[in-house]
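Topology and contacts: notes
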Amino acid sequence: MLTTLPNTLLVIALLLIVVSTIQPLARRLMLSSTVLLAVVGVLLGGGATLLLSTPRPTPLDEAASTLLRFPVNAEAFLFIFLPLLVFHGSLSIDVRRLARDWAPVLVMAVVAVVVTTAAIGFALAPLAGVSLTACLMLGAIVATTDPSAVVSIFREIGANSRLTRLVEGESLLNDAAAISIFTIFLGQLTGQHTASLPTIVLTFVTAFVGGLAVGFVLARLMVLVLPWLGGNRTAEVTLTLALPYLSYILCDEVLGFSGVVAAAAAGLTVSAVGPSTFRPRSWQFLQDIWDQLSFWASSMVFVMASMLVPRLLLGMEQQDLILIGVVIAAAMAARAAVLFGVMPLLRVARLSQRVPIPFKVTMLWGGMRGAITLALALAVTENHAVPQQVQQFVAIVATGYVLSTLLVNGTTLRFLVRALKLDHLSPADQALRTQIVAIGLGEVRDKLRRTAAEFGFSAPAAAHVVDMYERRVKVETAANTFDTAISDRERVTLGLITFASQERSLLLEMFQDQGLSRRVMENLLWTAESMIDGARSEGRLGYIRAARRRLQPGLRFHLAQWLHRKFRIDKPLMHCMAERFEMLLLAHLVALSMQRFMRRRMEPVLGTRVTEVVSDIVGRREDLLSDAMETLRLQYPGYAEALETRMLRQIGLRLELEEYALLKQESLVGEELYEELMRGLEALRRQVARPLQFNIQSGLDKRIEEFPIFSGLQDALLHDLAMSVTIRFAVPGEWIYRRRQRARSVFFISRGDVSLQAATGEVLLTHGDFFGEAELMTPSRRLSRARATSFCHLLELDAADFRRLLTEAPALARRMERIAEERTPPPEQKPMPKPEPVTLLHELEKAGTPS
């Protein structure tokens, strides 16, 4: 080990120079930069070893000694670099899309590791001359794949995004599986513990689940702390840097869980909630910083680990080449068995979409090993409790296998991906690309013509450049197959995806202006992403289902209603109501602003007819949204006005910021004055962003007086009634109660419509009506069922308070009985179905055109 800090820093600086110079060289040689880094590391380590082994001294001996005595060991790899790389890998993954492929990812991350470990262990046992436990430990060491080389190749050549996602998802968790299995076999080999198979399985599952839980909880706690940092980007990034190390070390050293799984779970959690937690600029800043940190770490890991290769290969014999060949064959066979044998079963069980054969072939050949395998092999050589023969066996075979995957698979993977045409766009995407390029080039041509005239460019120069674009427009227009390559169904789906994606961008822009609370932002963003995923998987139906789910109150809202109804705890429901109010209003404003985008951007690309269909589908969603918004607006007009006032003030502050930025850009405002203006705007923004007070009981007395059934009731009774009722919100299609249920309360409709379905027929009730009283006046279980047909605001009075009211106002009971008799339809009467509005969408469906 080095004893002087300057020498250590000097080596790190020189290695960083090597890393930076290798990037353009790898691009020129059409090789993965990680593969080239590994080659350079081997050359550095081998050259240093060769220099020191010569009898005569050379001027480079001191430098060679410095390289070989560089202070890096297995703990440095596993505790310094691994948490950082795992966290960044999970942070850069789209969690929602990864969730759609959870089954194949888990199969490759867990099942493939177990199968590979077993296949290699049992294949080596008759030949290696060491125990089966040592062979299985080696199988676990080489079972973990390294995605960095593979993913870099995929991104350089534009490989299919789902293929990249599968490889990244596998690599996130297979490190944890392999390290857990390695730890178990290492403990058995060194005599630290012996365990039966059920105990091993239980230990593995506990470590996996425990790591997931710890990583998730710590990440959520970090999210709760972020508001206290006051939007300081550097402090926020620093907190995320501490998170993976805290998760990893706490699990690995204290709790006995998988530290790798904890770091991965923390990264996935931050990736999921990050866009709705960090301001957009802070989120981009955080991702940029982590990209740079990951680049440094992965590059240094490859170089330093590769420098150890000559040391690990010392004492290699001809028989070891046979063992390395056995490992290669067993690993490929095990991976192929999982890809082509287990993967199809997921499709049969409907746990996953089909994974195409070219994907499986690429994943089979792309299972390269790297720094983690070398680090685990180094950990074995540094463990003095492991027999010397086993140390040498593990070091040589594992290192030889890593080199074979990097030098053979790594250098040929690019050509395999291109041969399988996984870097090509689908016919639909290619047609869309041609359509967009043709339209875009036409727009650029027209703008160039106007710009040339405005700035007085010479006619020959302007004509030359404009003619170039004119020719490109003609070429792209001639190759345009958009109308024939993409069906109406696909274009409608594309339009819905585009609409939801633009809606998500608008929400992020509003969040940047601090116009949204974090919880509301998280709800709206997840809904927008759900609509994108729903449109991708199920087209129009999936989009509409996701849009409707946004209007459904969640578990937190239902829990708040239960607390309000049972224990008169109003504060949780007040917060939920305020958030729902804000969410509905913002969604409505975004939808209105999207109309211009649809006319100006979507219609030229998708066509008028398809845009009208998309507009009709979105219109259905907006009708539901307006209904829900109007129900709340009528009940709480004061809060609605205050909320709209706050949003309009926030828009004004944004416009003011843009105006000051323009003045600064034009040098009409100096730096000091601009900073002073920004401080003033920030103070106003904090003032406007303060949460509004929401009173759930606001105007309840007046609403009760509006009910005809209560006309003439004494003021004292009206006051007691207002203090006794609770609020309940129902969404379209929600069952308020069903037949045979125990009758616990009576309902009064403040806003909305309810369908009361009894044995004698169906009755439609609206605001001012009541229902559920019959079973309380003549105690029995529910004889009918009630379902909300629109967004409803109901006043609920429990049975005890209702009977007390009837005792104090006997005339009220007779009035209720008379009204109930008048609204009961004859047995043969059936409600007439409402005619559906005729729209372009209905016409397309009747004509047989898919939409």
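Criteria and cut-off values
- Numbering of residues starts from 1 in every chain and runs along the sequence as written.
- Selection of residues for local features in this predicted model requires a pLDDT of at least 70, selection of side-chain atom pairs for listing and counting requires 80 or more, and totals for whole chains, interfaces and linings are taken over all residues.
- As a rule here, side-chain values come from all non-hydrogen atoms in the structure, and water together with hydrogens is ignored.
- Here, a strand pair is defined by DSSP locating no fewer than two bridges between the strands.
- Numbering of helices and strands runs from the N terminus, with a helix taken as a DSSP run of H or I at least four residues long and a strand as a DSSP run of E at least two residues long.
- Here, residues are in contact when the closest pair of their heavy atoms is within 4.5 Å.
- To define axes, lines are fitted to C-alpha atoms, for helices over the stretch in contact only, and angles between the resulting N-to-C directions are given on a 0 to 180 degree scale.
- Using a 1.4 Å probe on the protein chains alone, a residue whose accessible area is under 20% of its type maximum counts as buried, one over 50% counts as exposed, and one in between counts as partly exposed.
- Under the rule applied, a polar contact is a pair of N or O atoms within 3.5 Å (in protein, one hydrogen donor and one hydrogen acceptor; residues adjacent in sequence only if both atoms are side-chain atoms).
- Think of a salt bridge as a Lys or Arg side-chain nitrogen and an Asp or Glu carboxyl oxygen that are within 4 Å of each other.

**Observations concerning the sheet that holds strand 6 (residues 770–771)**
Judged by pairing direction, the sheet is antiparallel, and its four strands sit side by side in the order 1-8-3-6 without closing on themselves. The sheet terminates laterally at strand 1 (726–730) and strand 6, the two strands that pair on one side only. Where strand 1 meets strand 8 (residues 792–798), five bridges bridge the pair, whose relative direction is antiparallel. Across the sheet, phenylalanine 729 pairs through a bridge with histidine 793, a residue of strand 8. Its contacts with the sheet place helix 25 (residues 555–567) against strand 1 and strand 8, and it is angled at close to 155 degrees to strand 1.

**Thoughts on the sheet that holds strand 2 (residues 735–737)**
The four strands are arranged 2-7-4-5 in an open sheet whose pairing can be described as antiparallel. Each edge of the open sheet carries a strand with a single partner, namely strand 2 and strand 5 (761–765). Strand-to-strand, the axes of this sheet are offset by a mean angle of 25 degrees, without reference to chain direction. Taken together, the four bridges between strand 4 (residues 754–758) and strand 7 (residues 785–788) define a ladder with antiparallel strand orientation. Looking at the pairing, serine 755 lines up with arginine 787 of strand 7.

**As for the pairing of strand 5**
Only one face of strand 5 is buried, namely the one carrying Gly761, Val763 and Leu765, since none of Glu762 and Leu764 on the opposite face is buried. Here five bridges tie strand 4 to strand 5, and the two strands are oriented antiparallel to one another. If you follow alanine 758 over to strand 5, its bridge partner there is glycine 761. What sits between the antiparallel neighbours strand 4 and strand 5 is a turn of two residues.

**Considering the side chain of serine 724**
On the secondary structure map, serine 724 appears in helix 31 (residues 715–724). Residue classification places serine 724 among the buried residues on the basis of a relative accessible area of 17%. At 2.8 Å, the side chain of serine 724 forms a polar contact with the backbone oxygen of aspartate 720. Discounting residues that sit within four places of it in the chain, serine 724 has contacts with Arg568, Glu796, Leu797 and Asp801.

**Considering the pattern of salt bridges**
Going through the model one piece at a time under the given rule, you end up with 10 salt bridges. We note a salt bridge from glutamate 579 to arginine 556, for which the minimum N-O separation is 2.8 Å. Of this pair, glutamate 579 sits in helix 26 (residues 571–606) while arginine 556 sits in helix 25; the two residues are 23 residues apart in sequence, bridging distant segments of the chain. With relative accessibility at 38%, the residue arginine 556 sits in the partly exposed group.

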